[in-house]
Amino acid sequence: MENYFNYFTEIEEHFQRRRGGPLLVSTVDWGLIEIWKDAGIPLAAVLRGIDEAFDKFERRPSKTQKINGLAWCAQAVLTAAEDMKEAAVGSSEEKKQSETARGLEISDIVAFLRRNAKRLRAAKLPEAAGVQVRVLAEETAETLDKMAASLGTQDALPRLEDLERRLTVLEEKLFAILLAGTPDEQIVQMRSEADRELSPYRRKMPASQIEQLQKQHVHKRLLDLYGVPRLSLFYM
């Protein structure tokens, strides 16, 4: 994926430019970006979709509505992604890997892994009977340190897809144990917050995306609550 570790910021900045002023990207917006990232939608397709959504809106502007969130662009992004997929011919895996690695140094990844290991050890984690949150966090931190040490001895970038896959597995385990270690009342409150935030977008996105956004909202709230970092390279 092009501009690998700039995916989130590129989309955020482009959306703000098209809107014509600063607007804090909401939790819903960040969750939607993550859905696009996980689906492998190229950055160029997202930016094109945003442009097409704004172009369409500007041709028939509304006095009562504004494009205040990325959900307004969701359908245009999916359409742009399909159009680009159909137009793409002969794109090799090696070329994709080269584009992915552009501008990324081994030292950047090593520093990112070590920083996250340190943050995991300093996190204020929940304590619940039968749930070993601290144990898993320490094991994850040790794994990150080992990955950093191994990368530090290499002269060339590893396959970023493989590295990202390992980090995703570690992250999913952390999500699961944080969810298990958090009182039910707090989880219910987080889901209620997600429902309120997503209410304006239910008619603009399919139910599957709404469900994913609800899940991601809870994940983000858990990470913020306990000071646990995101491990994915997209958050470098």
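Residues numbered from 1 in each chain as written. Predicted model: local features only at pLDDT ≥ 70, side-chain atom pairs only at ≥ 80, totals over all residues. Heavy atoms only, no water.

Over its 20 residues, helix α10 (residues 207-226) runs 29 Å from end to end, which matches the ideal 28 Å to within 8%, given 1.5 Å per residue. Within two residues after α10, Gly227 carries a phi angle of roughly 70°, on the positive side. (Helix = DSSP H or I, 4+ residues; strand = E, 2+ residues; numbered from the N terminus. Expected span 1.5 Å × (residues − 1).)

Right, let's talk about the nonpolar core for a bit. By size, the foremost hydrophobic cluster in this structure holds 35 residues, and its most contacted members are Ile109, Leu113, Leu125, Leu144, Leu167, Leu178 and Val228. Those residues in contact with Leu144, other than ones at most four positions away along the chain, are Leu113, Asn116, Ala117, Leu120, Leu167, Leu170 and Leu231. Counting 31 residues, the second-largest nonpolar core is a separate cluster that includes Val28, Phe54, Ala74 and Ala81. (Core = buried A, V, L, I, M, F, W, Y, C linked by side-chain atoms within 4.5 Å. Buried < 20%, exposed > 50% of the residue type's maximum accessible area, 1.4 Å probe, protein only. Contact = heavy atoms within 4.5 Å.)

Contact geometry for helix α6 (residues 106-122) and helix α7 (residues 133-152): axes closest at 8 Å, N-to-C directions at 160°. With respect to α7, the element α6 is oriented roughly antiparallel. Here α6 runs over α7; the crossing is left-handed. Across the contact of α6 with α7, the residue classes break down as 13 nonpolar, three polar and six charged. (Axes fitted to C-alpha atoms, helices over the stretch in contact; angles between N-to-C directions. Parallel < 35°, antiparallel > 145°, perpendicular 65-115°, else oblique. Left-handed = near helix turned anticlockwise from the far one by under 90°. Nonpolar A, V, L, I, M, F, W, Y, C, P; charged D, E, K, R; others polar.)

This brings us to the packing of aromatic side chains. A complete count under the given rule lists three aromatic pairs for this structure. With a centroid separation of 6.2 Å and 75° between ring planes, the pair formed by Tyr7 and Phe8 is classed as edge-to-face. Phe8 gets classed as buried once you look at its relative accessible area, which sits at 2%. Taken together through their ring pairs, the aromatic side chains of Tyr7, Phe8 and Trp30 make up a single cluster. (Phe/Tyr/Trp six-rings, centres within 6.5 Å; stacked < 30°, edge-to-face > 60°.)

So, about the pattern of salt bridges. Applying the stated criterion to the full structure yields eleven salt bridges. Arg18 is paired through a salt bridge with Glu58; the nearest N and O atoms lie 3.3 Å apart. With Arg18 in helix α1 (residues 7-19) and Glu58 in helix α3 (residues 43-59), this pair connects stretches of sequence that are 40 residues apart. Residue Arg18 is classed as partly exposed on the basis of its relative accessible area, which comes to 21%. In this structure Glu58 comes out as partly exposed when scored by relative accessible area, which is 46%. (Salt bridge = Lys/Arg side-chain N within 4 Å of Asp/Glu carboxyl O.)

Let's shift gears to the environment of Leu222. Here Leu222 lies in helix α10. Taking the C-alpha atoms as reference points, Leu222 and Phe175, separated by 47 residues in sequence, lie 7.9 Å from one another. Once you skip the residues sitting within four places of it in the chain, Leu222 turns out to touch Leu178, Leu179, Thr182, Ile187 and Met190.

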